[in-house]
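Below are the chains, spelled out letter by letter.
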Amino acid sequence: MNNVDHAPSVGCFLTTGDSLIAERLAHCELDYLCIDLQHGFLTESEARYCIQAISTRPNIRIWVRPSSKSLDHIGRLCDWGVHTLLLPMIETPDEVAAAIAATRYPPSGSRSFGPIRPSFVKPVANELLDRPVQVFVMIETLAAIDNLEEIAAVPGLSGIYFGPTDLGIAMGYGARDPFASKTRMAEVMRLGIETARRHGIFCASHAPTPTEASTILKMGFDHVTLGNDLVIFAATINDLARKSRSE
Ligand code: 3PY
Ligand code: MG
């Protein structure tokens with residue numbers, strides 16, 4: 001069981017493969033950076049350089065959203081020194097159990113020993129070298145909602161993470177609608193928190209806008225992702241340009 005009694009943490013997705021951007025963002029006021037191999041533009045090699053760049057700041061957590069559910073891919077990412085894996089499009093407890101097993105050595109799992117980076121890089125504070133990588137699973141389909149209780153109960157799971165865009169599409173709201181105001185989405189997210197609390201795991205979500213980020217945090221979520229590097233850069237530049245023109 002995790003200790004969920006903590007201040008909420010705030011993170012950002014990294015979609016570009018430039019290690020300088022990764023390093024700069026790592027030194028911002030964020031608690032985690034998530035390298036997005038599912039939708040981002042990074043190759044695996046670039047992801048590795050970004051992990052090294054993020055590691056220049058102690059105590060920031062390095063998350064990776066893998067490009068697939070392949071168990072070999074998951075094992076490799078563990079060997080690179082990732083702290084948290086965020087598995088997209090998970091629908092069943094069996095998928096969760098298999099992914100968790102891929103991050104654990106026998107007898108509890110099936111991971112082959114080869115933690116090359118974690119064996120020499122200082123881990124985040126208070127974390128032991130042999131402490132398992134955290135596994136979060138994304139809840140972003142109707143099947144995942146139906147199976148939420150069984151998914152949350154899988155031993156070793158660290159948290160559930162809502163993907164509001166995919167979930168919104170699945171619910172018929174379309175891709176870009178704010179989600180917190182939608183009755184069904186809000187209901188599901190409340191169920192998420194309640195389920196996570198009951199199982200002693202974290203509850204997290206992506207937030208497409210700052211308003212939604214603050215709504216989610218007020219709902220009691222443990223982690224909120226503010227968006228991704230490209231979207232945030234563009235929004236900031238547009239904001240500055242608009243303000244400059246109006247002054
Ligand atoms: C979603 O909202 O579907 C996500 O995957 C967030 O990146
Ligand atoms: Mg998604």
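Details of the structure are given in the entry above.
Residues numbered from 1 in each chain as written. Chains lettered and ligands numbered in written order. Predicted model: local features only at pLDDT ≥ 70, side-chain atom pairs only at ≥ 80, totals over all residues. Heavy atoms only, no water.

Caption draft 1: Region of interest: the pattern of salt bridges. Taken as a whole, this structure holds eight salt bridges when the rule is applied. In this structure, the salt-bridge partner of Glu-44 is Arg-76, at a minimum N-O distance of 2.6 Å. One end of the pair, Glu-44, is in helix H2 (residues 44-54); the other, Arg-76, is in helix H3 (residues 71-79), with 32 residues separating them in the sequence. The salt bridge partner of Asp-239 is Lys-243, with a shortest N-O separation of 2.9 Å. Note that Asp-239 and Lys-243 are positioned in helix H10 (residues 229-246) at a spacing of four residues, about one turn of the helix. (Salt bridge = Lys/Arg side-chain N within 4 Å of Asp/Glu carboxyl O. Helix = DSSP H or I, 4+ residues; strand = E, 2+ residues; numbered from the N terminus.)

Caption draft 2: The sheet that holds strand E2 (residues 32-36), seen in detail. Strand order in the closed barrel formed by eight strands is E1-E2-E3-E4-E5-E6-E7-E8, and the pairing between neighbours is parallel. Between one strand and the next, the sheet's axes are offset by a mean angle of 25°, whatever the strand orientation. As defined by bridge partners, strand E4 (residues 84-87) adjoins strand E5 (residues 134-139) across four bridges and the pair is classed as parallel. By the bridge assignment, Thr-84 is partnered in E5 with Gln-134. Its contacts with the sheet place helix H9 (residues 210-219) against strand E7 (202-206) and strand E8 (223-228), and it is angled at close to 170° to E8. (Pairing = 2+ DSSP bridges. Axes fitted to C-alpha atoms, helices over the stretch in contact; angles between N-to-C directions. Contact = heavy atoms within 4.5 Å.)

Caption draft 3: Layout of the packing of aromatic side chains. Taken as a whole and assessed by the stated rule, the structure comprises six aromatic pairs. Each ring, one from Tyr-32 and one from Trp-63, has its centre 4.2 Å from the other, and the planes form 15°; the classification is stacked. Taken together, the residues span a long stretch of sequence, with Tyr-32 in strand E2 and Trp-63 in strand E3 (residues 61-65) at a distance of 31 residues. Feature note: the residues Tyr-32, Trp-63, Phe-136, Tyr-161 and Phe-202 constitute an aromatic cluster, connected by ring pairs. (Phe/Tyr/Trp six-rings, centres within 6.5 Å; stacked < 30°, edge-to-face > 60°.)

Caption draft 4: Structural detail: the coordination of the magnesium ion (ligand 2). Looking at the magnesium ion (ligand 2), one finds its protein donor set to be Glu-140 (OE) and Asp-166 (OD), positioned 2.1 to 2.2 Å from the metal centre. Here Glu-140 is found in the loop between E5 and helix H5 (142-146), whereas its partner Asp-166 is found in helix H7 (residues 164-170), with 26 residues between them in sequence. The exposure class of Glu-140 is buried, given its relative accessible area of 3%. The exposure class assigned to Asp-166 is partly exposed, which follows from its relative accessible area of 27%. (Donors = N, O, S within 2.8 Å, 3.2 Å for Na, K, Ca; no water. Buried < 20%, exposed > 50% of the residue type's maximum accessible area, 1.4 Å probe, protein only.)

Caption draft 5: The arrangement of H10 in detail. With 18 residues, H10 should cover 26 Å at 1.5 Å per step; its first-to-last C-alpha distance of 26 Å lies within 8% of that length. Where H10 begins, the capping side chain belongs to Asn-228, and its oxygen is found 3.0 Å from the backbone nitrogen of Leu-230. (Expected span 1.5 Å × (residues − 1). Polar contact = N/O pair within 3.5 Å; in protein donor to acceptor, adjacent residues only side chain to side chain.)

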